[in-house]
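One letter stands for each residue in the lines below.
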Amino acid sequence: MKKNLPVTTQQVDIAPGITLVSKTDLKGIITYANEAFINVSGFALEELQGHSHNIVRHPDMPPAVFEGMWKVLHSGKPWQGLVKNRCKNGDFYWVDACVVPVRRNAQTIGYMSVRKRAEPAAIAHAQALYQQITLRGMPPTWKLPPWLGIRFGMRAGTVFVALLMLAGGALGIGGLKLADAAFTRLYHQQFEPAIAVGQIEARLSTIRASVLEVQQERQTDISAPQQAFAHVQQLQNYYDDIADLFSTLNRAMPAESAATQSLTQALQHYTAESQALIATQSKAPKDSTALPLAVQQELLALEHNASLVAQALRQSLADAAQQEFTQTLERNARIRSFALFGIIAGLLMVAAVGHLFIRGIVNPLNASIRRLNRIAEGDLQGAINLSGTGETAQLNHAATVMQLHLKVMLDEIALAARRIHHHCQTLNAALYEVTEHSEAQHDQVYCAIRALDAAVSETSDLSTRAERLLALASQQHSALAGETRELATATRLTAFGAEEAADSMRQVAALIVENRGEAQQAWRASEELMHTARELNHLVAFFEPQQHTAPDSAQAT
């Protein structure tokens, strides 16, 4: 890249409120430069127009900065940054520059650079940054993606809320279904079998009581065989009830269960042996003493064994129910933990996205609103803000372009108004001199007209006298009459010539008066033009920076 040399260490200070403006075509060739830019740069307008804008580039500026600038401009966005420029004599000046595309009919036709005075703190920061760029290259910058805008935020927020609602509904409905399944298993696999086992234990106790009652009746009543037969039938009904309960138990519990198999074997053995003992008891003689002992030892032992097995099965069912209950509680706890984690994660995500939304969209949008309000109040000197993403960035860019175009337009209007005012002052001075000269010429012409009128009067009088002398001479002397006639004729001709000259002078005087009137009209028109220029200056002054202008809360990035 070409380096503009020589350079000096002398810095040119730019006064506050001065705006340096230049325009280029798509290739960076200067097509316009305002007076402030010409005065600060030291170049003549002819040396700037038609030349590349890098004629003012300072060698200290890293090329990577301008590469980034052109990359941003080619994407159709404005660019802002601090730039160190070189004057024609080698001096330098710092400016806070903002370059915006100039568009017509949705096409970029050039670029416009608007610069203002850079603050010392910003210059120090830019110097340190540019030194780092020169040594290490352009540092990476993090920005929100351009697709993250209001429309995307609304769509993403809607989808996110819908997903949260679906997830919450799935967790709630799934949890209820799991709880229903757990209660169903608890009822059908633990509670119903436990009821059946309890009823079997009750039937076993009833059978034992019935057997003992039969034995007692056998010993005390002679009609015991008939009553024993009735008791045997009743015991058989109890056994049938046990079989039905056992069938219900087998349907509720898997048949391959070890506890179920143990109870099955114990009940089958108990049923067979007890029925055999009852049959034996019913056929035994009345005075038999061995049978009660057998009933007490064998039947009660079998019943006790079956009761123990039933109790063991009931205990296993209670343990299984407790385990199922514990697993259900643990699963519900996991579901609650997962739901709580999802709620916290969702809240954190909403907070993070909300922070990014406020930072990247809401704050720049508010800054754009404040800037537009200041523009409406006549402040075009506010800080440039190119932050934001999506629609907010587009609004900020459009507001920046509008602000700079208005600023440049007002600068050109102010320059034209100053030129009009200056030329009107010069024209008024010239018209005043013309009017003064016309007054003097008018007076001189009228003096000459009065002299001519006096001469004409005298000549006419002389001609009249010559005619009277001619009449007297013609009576007395013929030669004197001829000369007198010639004198009278010459005098009359002279009088006629003087009258014609006087008429011409009157016409000249009338033209002078007319010219003076036209000069006065031109002077009045010039005064009106000066008044218009002053009104333009007042209009431009409305957009001059105020003393109490509030700065942007969000600075440009």
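Each chain has its residues counted from 1, following the order in which its sequence is written. Thresholds applied to this predicted model are a pLDDT of at least 70 for local features of residues and 80 or more for the giving and counting of side-chain atom pairs; totals over whole chains, interfaces and linings are not thresholded and use all residues. Hydrogens and water molecules were not included; the side-chain quantities draw on all heavy atoms of the structure.

## A few points about helix α4 (residues 120-136)
Next, step 1: Think of it this way: any DSSP run of H or I at least four residues long counts as a helix, any run of E at least two long counts as a strand, and we number them from the N terminus. An expected span of 1.5 Å times one less than the residue number is assigned to each helix. End to end, α4 covers 24 Å across 17 residues, agreeing with the expected 24 Å (1.5 Å per residue, within 8%).
Next, step 2: Only protein chains enter the calculation, and the probe is 1.4 Å; a residue is then buried if its accessible area is under 20% of its type maximum, exposed if over 50%, and partly exposed in between. Turning to α4, its buried residues number three or more, namely I123, A126, Y130 and I133. For α4, the buried positions fall inside an angular range of 85° around the axis, keeping them on one side. Away from its buried face by more than 90 degrees, α4 exposes P120, A121, H125, Q131, L135 and R136.
Next, step 3: By definition in these notes, contact holds between two residues if any of their heavy atoms fall within 4.5 Å. Along its buried surface, α4 packs onto α3 (63-74), β3 (79-86) and β4 (92-104).
Next, step 4: Where α4 ends, the next residue or the one after it, G137, has phi of about 90°, a positive value. The arc in question is the one spanned by the directions pointing from the helix axis to the C-beta atoms.

## Quick word on the side chain of R371
Next, step 1: Its place among the elements puts R371 in helix α8 (residues 290-376).
Next, step 2: Any N or O atom pair separated by 3.5 Å or less is treated as a polar contact, with the protein-specific requirement of one donor-capable and one acceptor-capable atom, and with residues adjacent in sequence counted only for side-chain atom pairs. A polar atom in the side chain of R371 sits 2.7 Å from the side chain of T400.
Next, step 3: Excluding residues within four positions of it along the chain, R371 makes contact with A383, I384, N385, N396, A399, T400 and Q403.

## A short note on the sheet that holds strand β5 (residues 107-117)
Next, step 1: The antiparallel open sheet is built from five strands, whose spatial order is β2-β1-β5-β4-β3. Two strands bound the open sheet, and with one partner strand each, they are β2 (30-33) and β3. Between one strand axis and the next, the sheet turns by 30° as a mean value, whatever way the strands run.
Next, step 2: Note: two strands are recorded as paired if DSSP finds a minimum of 2 bridges between them. The sheet contact formed by strand β1 (residues 20-24) and β2 spans three bridges and is antiparallel. Counted as the bridge partner of T24 is I30 from β2. The axes used here are C-alpha line fits, helices contributing only the stretch in contact, and every angle between their N-to-C directions lies in the interval 0 to 180 degrees.

## Looking at the pattern of salt bridges
Next, step 1: We count a salt bridge whenever a side-chain nitrogen from Lys or Arg sits within 4 Å of a carboxyl oxygen from Asp or Glu. Inspection of the entire model under this criterion finds six salt bridges.
Next, step 2: In this structure, R117 engages E119 in a salt bridge whose closest nitrogen and oxygen atoms are separated by 3.7 Å.
Next, step 3: On the basis of relative accessible area, E119 is assigned to the partly exposed category, the value being 47%.
Next, step 4: The structure contains a network of salt bridges with shared partners spanning D13, R117 and E119.

## Quick word on the side chain of H397
Next, step 1: One can find H397 in helix α9 (residues 391-476).
Next, step 2: Apart from the residues lying within four places of it in its own chain, the contact partners of H397 are K77, P78 and L386.

## What to know about the packing of aromatic side chains
Next, step 1: Each aromatic pair joins two rings of Phe, Tyr and Trp (for Trp, the six-membered one) with centres within 6.5 Å, and gets the label stacked for planes under 30 degrees apart, edge-to-face for over 60, and tilted for any other angle. Inspection of the entire model under this criterion finds two aromatic pairs.
Next, step 2: The interplanar angle of 85° and the centroid separation of 5.4 Å between the aromatic rings of W70 and Y111 together place this pair among those described as edge-to-face. Highlighted residues: W70 in helix α3 and Y111 in strand β5, separated in sequence by 41 residues.
Next, step 3: Judged by centre distance (6.3 Å) and plane angle (15°), the ring pair of W94 and Y130 falls under stacked. Here the residue W94 occupies a position in strand β4, and Y130 occupies one in helix α4, the gap between them amounting to 36 residues. The two residues W94 and Y130 agree in class, both being buried.
Next, step 4: A positively charged side chain is recorded as over a ring if its NZ (Lys) or CZ (Arg) lies within 6 Å of the ring centre. The angle to the ring normal must also be within 35 degrees. A cation sits over an aromatic face here: K23 above Y32, 5.4 Å from the ring centre.
Next, step 5: In this structure, K84 packs its charged tip against the face of F92, placed 4.4 Å from the ring centre.

## A look at the environment of G168
Next, step 1: Position of G168 relative to the elements: it lies in helix α5 (residues 150-220).
Next, step 2: Overall, the relative accessible area of 40% leaves G168 in the partly exposed class.
Next, step 3: The sequence separation of G168 and I343 amounts to 175 residues, and the corresponding C-alpha distance is 8.9 Å.

## Details of the environment of Y111
Next, step 1: Judged by relative accessible area, which is 7%, Y111 ranks as buried.
Next, step 2: Considered as a pair, Y111 and D25 are 86 residues apart in the sequence and their alpha carbons are 6.3 Å apart.
Next, step 3: Sequence-distant contacts of Y111, defined by excluding residues within four places in its chain, comprise S22, K23, T24, D25, L26, W70, L73, H74, V99, V100, P101 and V102.

## Some thoughts on α3
Next, step 1: An ideal rise of 1.5 Å per residue puts 16 Å on 12 residues; α3 measures up with 17 Å between its terminal C-alpha atoms.
Next, step 2: Packing partners of the buried residues in α3 comprise β3, β4, β5 and α4.
Next, step 3: Of the residues trailing α3, G76 is marked for its positive phi of about 85°.

## Considering the pairing of β3
Next, step 1: Across the eight residues that make up β3, a large majority, eight, are buried.
Next, step 2: Side chains of β3 alternate between two faces, with W79, G81, V83 and N85 and Q80, L82, K84 and R86 buried alike.
Next, step 3: Connecting β3 to the antiparallel partner β4 that follows it, the hairpin turn spans five residues, and G90 within it adopts a positive phi of roughly 100°.

## Topic: the nonpolar core
Next, step 1: Nine residue types can take part in a nonpolar core, namely buried Ala, Val, Leu, Ile, Met, Phe, Trp, Tyr and Cys, and a core is a set of them joined through side-chain atoms within 4.5 Å. L20, L48, Y93, W94 and Y130 are the most contacted members of the largest nonpolar core, which totals 33 residues.
Next, step 2: Of all elements in the fold, only β2, α1 (35-41), α3, β3, β4 and α4 reach the threshold of two or more residues within this core.
Next, step 3: Looking at which element gives the most residues to this core, the answer is β4, with six residues.
Next, step 4: Every residue in contact with Y93, bar those within four places of it in the chain, is listed here: V12, I14, L20, F37, V40, S41, V83, K84, N85, R86 and C87.
Next, step 5: Y32, C98, I384 and V408 belong to the second largest nonpolar core, which has 11 residues in total.

## Observations concerning the confidence of the model for the protein chain
Next, step 1: Within the protein chain, residue pLDDT values average 76, and 74% of them lie at 70 or more.
Next, step 2: The predictor's confidence in any single residue is recorded as pLDDT, a number from 0 to 100. Scored below 50 in pLDDT, residues 286-291 makes eight contacts in the model with residues more than four places away or belonging to other chains.
Next, step 3: In the predicted structure, residues 547-557 sits below a pLDDT of 50 and forms 20 contacts with residues beyond four places in sequence or in another chain.

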